Amino acid sequence: MLNHSISEQNNTDLEHLFKSQLLTSTLWRSSSADDRIARLKKIRTWIKDHQQEIRNALKNDFGKPESETDLSEIFPVTAEINHSIKKLHKWMTPKSVSTPLPMLGTSGSIYHEPKGRSLIIAPWNYPFNLSIGPLISALSAGCPVILKPSEMTPHTSELISKMISELFAPKEVAVVLGGIETSQALLKLPFDHIFFTGSPTVGKIVMKAAAENLSSVTLELGGKSPAIVDEDADCKDAAEKLIWGKYVNCGQTCIAPDYLLVHESKLENLFSEMKVAIQKMYDPDFKGIEKSPDMARIVNDKHFNRLTENIEDALSKGAQLVFGGNSDQHTRYIEPTILRNVSDEMQVMEEEIFGPILPVKSYTSLGEAIDYVNSKPKPLALYFFGVNAEQSSKVLRETSSGNAVINDCVLHYLHMELPFGGVNNSGIGKAHGYHGFLAFSNEKGVLKQRVGLNNVTLLRPPYGIKAKQIIASLIKWF
Ligand code: NAD
């Protein structure tokens, strides 16, 4: 076992590490908001002092542009920290609830106790943000953590390991490096909470493992998030927002618009505006998008091959290129690609794309688009572009998705007051701000009674006529 982070571990090491966090979980149960805030501030300072190292790690892992690292890896984490620091005293204060008539004389309140020892398993696509973001929620709630970042972004995972070993003792927070085997060994341990971010397929494995120990879970999963562009949408506005949301991180974003459903009257206009938007954002000097310093690369060969096969499969089955289609195996570059005339038999419409390919289908009535969305598993996010409020509220009412955004996309991720997460196939439980704090907290309902007062005196056995009358009136009136 290495000093604080563990890279060559066996199951005994992991059990030992897990046991070492038991005392911390008990001690931290009564930790004050100020104690927890001090931990968050340590992380914030470390990030500030190591910003360039974080950028370098992401650049080495998949050519992530520095500005995108600042915007989508560092800013969401510092925003989460600042939000928690501001709100934690309030979140931790027991909340009084009103007293129902039959409970007259008592008082009720909700306490938030830390769930205890927690496991965080992170994916590779926003490897810093999606490891440290949930850690902020766990520390705010007062939970010790074992964190397993992704094996697919080794530079960032090593850096996270270094950061945690400098800031925490392993009995408080420990990073365990490794792949599937390590993840599965960790999942055998009886954690109080497991916070997993990754694919629905692995989410099911995590949930089964958690069931063995009745560990609670937050599952932040993926899927195909649709964007609907309705007949009165402003195409220029929609195109600019969709192109950024789709191609940031080279399309490797869980909440990227996976496919578009576009009203047939808007199709041509939207395509032209999307081409203009791509040009403006990724090729302003006409040197070629491949030369853009702002376009990340595909994380590894496996995903590069999967994505280029997706394009070939779609073209061979009748899809047409609106834009892009080129790629370079050597640099794992895939050009922003837009496809039209797609059908459900194509891989791009069957699987989560998770890359810079945007398939587009058209519809003639909004009901048709809604039916299409509802014929698929519930998405992580749904985006609607259009100015008619009745149409957008129809979509909100008639579809189910983890989050929804009207006239923009992806932006909700940065709104710390909103719960973030999926529903069923796209996730279970919510993250961010108070909702992240809740994920790692047990909401303990506490009832306080006065000595000598008893609300059920008349309702004790033997159940005479009076008791029966009172019970009947309870049923009738309350
Ligand atoms: P993944 O599910 O393959 O891996 C995620 C983590 O699980 C990694 O740490 C990996 O080591 C571990 N893992 C992989 N296979 C495992 C197994 N069989 N048993 C136990 N652990 C295992 O996901 P990924 O490829 O890293 O990330 C992409 C997926 O994550 C996409 O589906 C994406 O939509 C989703 N995602 C969701 C969110 C969200 O917030 N909802 C955010 C980012 C990514």
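Throughout what follows, the structure given in this document is the object of discussion. (Residues numbered from 1 in each chain as written. Predicted model: local features only at pLDDT ≥ 70, side-chain atom pairs only at ≥ 80, totals over all residues. Heavy atoms only, no water.)

**So, the side chain of S215**
Then comes step 1: Here S215 lies in the loop between α8 (200–213) and β7 (216–220).
Then comes step 2: Residue class for S215 comes out buried when judged on its relative accessible area of 9%.
Then comes step 3: At 2.6 Å, the side chain of S215 and the backbone oxygen of F191 are in polar contact.
Then comes step 4: In this structure S215 touches P190, F191, D192, I194 and A210, once residues within four positions along its chain are discounted. (Helix = DSSP H or I, 4+ residues; strand = E, 2+ residues; numbered from the N terminus. Buried < 20%, exposed > 50% of the residue type's maximum accessible area, 1.4 Å probe, protein only. Polar contact = N/O pair within 3.5 Å; in protein donor to acceptor, adjacent residues only side chain to side chain. Contact = heavy atoms within 4.5 Å.)

**Things to note about the packing of aromatic side chains**
Then comes step 1: Scanning the model with the defined rule gives 9 aromatic pairs in all.
Then comes step 2: Seen in terms of ring centroids, W91 and Y434 are 5.9 Å apart; in terms of plane orientation they differ by 45°. Their pairing is tilted. Note that W91 is positioned in helix α4 (residues 66–92) and Y434 in helix α15 (residues 433–439), a separation of 343 residues in sequence.
Then comes step 3: When its relative accessible area of 6% is taken as the criterion, W91 is described as buried. (Phe/Tyr/Trp six-rings, centres within 6.5 Å; stacked < 30°, edge-to-face > 60°.)

**Remarks on the sheet that holds strand β18 (residues 441–448)**
Then comes step 1: Strand order in this open sheet of 3 strands is β1-β2-β18, and the pairing throughout is antiparallel. Of all strands in the sheet, those bounded by a partner on one side alone are β1 (95–97) and β18. Adjacent strand axes in the sheet meet at a mean angle of 30°, parallel and antiparallel pairs treated alike.
Then comes step 2: Bridging between strand β2 (residues 107–114) and β18 involves 8 bridges; their strand directions are antiparallel. Bridge pairing in β18 links P114 to S441. (Pairing = 2+ DSSP bridges. Axes fitted to C-alpha atoms, helices over the stretch in contact; angles between N-to-C directions.)

**Thoughts on helix α11 (residues 301–316)**
Then comes step 1: Compared with an ideal rise of 1.5 Å per residue, which puts 16 residues at 22 Å, α11 spans 22 Å between its outermost C-alpha atoms and is within 8% of the ideal.
Then comes step 2: Buried residues of α11: H303, F304, L307, T308, N310, I311, D313 and A314, and no others.
Then comes step 3: Buried residues belonging to α11 abut β11 (327–328), β12 (333–334), β13 (337–340), α12 (347–350) and β14 (357–363).
Then comes step 4: At the N-terminal boundary of α11, the capping side chain belongs to N300, with an oxygen 3.3 Å from the backbone nitrogen of K302.
Then comes step 5: Two residues or fewer past α11, G318 is found with a positive phi of approximately 110°. (Expected span 1.5 Å × (residues − 1).)

**Concerning the packing of helix α2 (residues 33–49) against helix α5 (residues 129–141)**
Then comes step 1: Where α2 meets α5, the axes come as close as 8 Å, and the angle between the chain directions of the two elements is 160°. Taken together, the axes of α2 and α5 lie roughly antiparallel to each other. Here the hand of the crossing between α2 and α5 comes out right-handed. In this structure, α2 contributes R36, R39, L40 and I43 to the contact, and α5 contributes I132, L135, I136, L139, S140 and A141.
Then comes step 2: Of the residues belonging to the contact of α2 with α5, the class tally is 7 nonpolar, 1 polar and 2 charged. (Parallel < 35°, antiparallel > 145°, perpendicular 65-115°, else oblique. Left-handed = near helix turned anticlockwise from the far one by under 90°. Nonpolar A, V, L, I, M, F, W, Y, C, P; charged D, E, K, R; others polar.)

**Some points on the pairing of β13**
Then comes step 1: Neither face of β13 is left uncovered, since the one carrying T337 and L339 and the one carrying I338 and R340 both have all their residues buried.
Then comes step 2: Examined bridge by bridge, strand β10 (residues 320–323) and β13 share 3 bridges and lie antiparallel to one another. Within the sheet, the bridge partner assigned to F323 lies in β13 and is I338.
Then comes step 3: For β13 and β14, the ladder comprises 3 bridges, and the chain directions are parallel. Bridge pairing in β14 links I338 to L358.

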